[in-house]
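# Observations on the model geometry
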Amino acid sequence: GENVEQHPSTLSVQEGDSAVIKCTYSDSASNYFPWYKQELGKRPQLIIDIRSNVGEKKDQRIAVTLNKTAKHFSLHITETQPEDSAVYFCAASKGAETGANNLFFGTGTRLTVIP
Amino acid sequence: DVKVTQSSRYLVKRTGEKVFLECVQDMDHENMFWYRQDPGLGLRLIYFSYDVKMKEKGDIPEGYSVSREKKERFSLILESASTNQTSMYLCASSPSMGSRNQPQHFGDGTRLSIL
């Protein structure tokens, strides 16, 4: 099955700096890569996703890049703010004939933005 | 907005008990999922369902079963609870893929302690 590795496990940045979280995946058939943010005590929430037919996607301060050849994708957060502090999870999926989009998650990155 | 509701935020049970965790979604989604979340391990898939009465094992199904009698409701059952099942349990739902992968939407989680 799919194996998703995520690095680093913890990341501390000064407010205003950029943060980058990297993930690799093993199954070349994976074609959908969402990123979730989980604040303390709350549910994981989708913040951005990318499909295999594009190499980059941006939404305000958040961007995701995908390198299919190398099988890795990254989350970039610019101009970080204290409210960006959370655990971030990457995931990969290739879908199934049943229509179920099983997600394989990385182990998470705890981002701390220091004011 | 998608609403995934888990019946309990916190639950304390004893070893050997049969435990039911309930999840309801209000968006007529075909797919529903149960994960457990443990520090350093990310989210691991226990079971999923892609239709009423249909279920498939995820990565860690041992010690668990599920039930999906109605489209909106997906139950996770711990047949005989053990202390190593103490964890955070997250339910998620998503529409059927169709031609494109769709994001999963999560509930708030149930923190289960087995004493």
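Worth saying up front: this structure is predicted, and the values here are computed from it rather than measured.

A few words on the overall build of chain B. Along chain B, the regular secondary structure elements total 0 helices and 11 strands. Listing each helix as α and each strand as β along chain B from the N terminus yields β-β-β-β-β-β-β-β-β-β-β. Against the globule reference of 13 Å for 115 residues, chain B gives a C-alpha radius of gyration of 13 Å, in line with a compact fold. If one aligns the C-alpha atoms of chain B with their principal axes, the spans along those axes are about 45 × 30 × 25 Å. Per-residue burial over chain B gives 50% buried out of 115 residues. Summarising the internal contacts of chain B: among those between residues at least 6 apart in sequence, 55% fall at separations of at least 24.

Another aspect to go through is the state of the cysteines. Per the counting criterion, the structure on display carries 2 disulfides over all chains. Paired through a disulfide, A:Cys23 and A:Cys90 show a sulfur-sulfur distance of 1.9 Å. Because the torsion about its S-S bond is -100°, the bridge between A:Cys23 and A:Cys90 counts as left-handed. Remark: A:Cys90 occurs in strand β9 (residues 86-92) and A:Cys23 occurs in strand β3 (residues 19-25); sequence separation between them is 67 residues. Pair check on accessibility: A:Cys23 and A:Cys90 agree, each one buried. Residue B:Cys23 pairs covalently with B:Cys91 via a disulfide, S to S 1.9 Å. An S-S torsion of about -80° defines the bridge between B:Cys23 and B:Cys91 as left-handed.

Right, let's get into unusual backbone geometry. Residues and elements named next belong to chain A. Residues His7 and Pro8 are joined by a peptide bond in cis, for which omega reads -5°. Within the secondary structure, Pro8 is located in the loop between β1 (4-7) and β2 (10-14). The phi angle at Lys71 is positive, at roughly 55°, despite the residue not being glycine. Relative to the helices and strands, Lys71 resides in the loop between β7 (62-67) and β8 (72-77). Residue classification places Lys71 among the partly exposed residues on the basis of a relative accessible area of 25%. Even without being glycine, Glu79 reaches a positive phi, approximately 45°. Topologically, Glu79 is positioned in the loop between β8 and β9.

Let us now look at the side chain of B:Gln104. If you trace the backbone, B:Gln104 turns up in the loop between β9 (87-94) and β10 (105-106). Its relative accessible area of 1% is what places B:Gln104 among the buried residues. A polar atom in the side chain of B:Gln104 sits 2.7 Å from the side chain of B:Tyr35. Other than its neighbours up to four places away in sequence, B:Gln104 contacts A:Tyr36, A:Asn101, A:Asn102, A:Leu103, B:Phe33, B:Tyr35, B:Ala92, B:Ser93 and B:Ser94.

Take the packing of aromatic side chains next. Taken as a whole and assessed by the stated rule, the structure comprises 13 aromatic pairs over all chains. Where A:Phe105 meets B:Tyr35, the ring centres are 5.5 Å apart and the plane angle is 90°; that geometry is what we call edge-to-face. In this pair, A:Phe105 is assigned in strand β10 (residues 104-105) and B:Tyr35 in strand β4 (residues 31-38), connecting two distinct chains. The residues A:Phe105 and B:Tyr35 share a single accessibility class, namely buried.

The rules behind these values
Residues numbered from 1 in each chain as written. Chains lettered and ligands numbered in written order. Predicted model: local features only at pLDDT ≥ 70, side-chain atom pairs only at ≥ 80, totals over all residues. Heavy atoms only, no water. Helix = DSSP H or I, 4+ residues; strand = E, 2+ residues; numbered from the N terminus. Rg over C-alpha atoms; globule rule 2.2 N^0.38 Å. Buried < 20%, exposed > 50% of the residue type's maximum accessible area, 1.4 Å probe, protein only. Contact = heavy atoms within 4.5 Å. Disulfide = S-S within 2.5 Å. Polar contact = N/O pair within 3.5 Å; in protein donor to acceptor, adjacent residues only side chain to side chain. Phe/Tyr/Trp six-rings, centres within 6.5 Å; stacked < 30°, edge-to-face > 60°.

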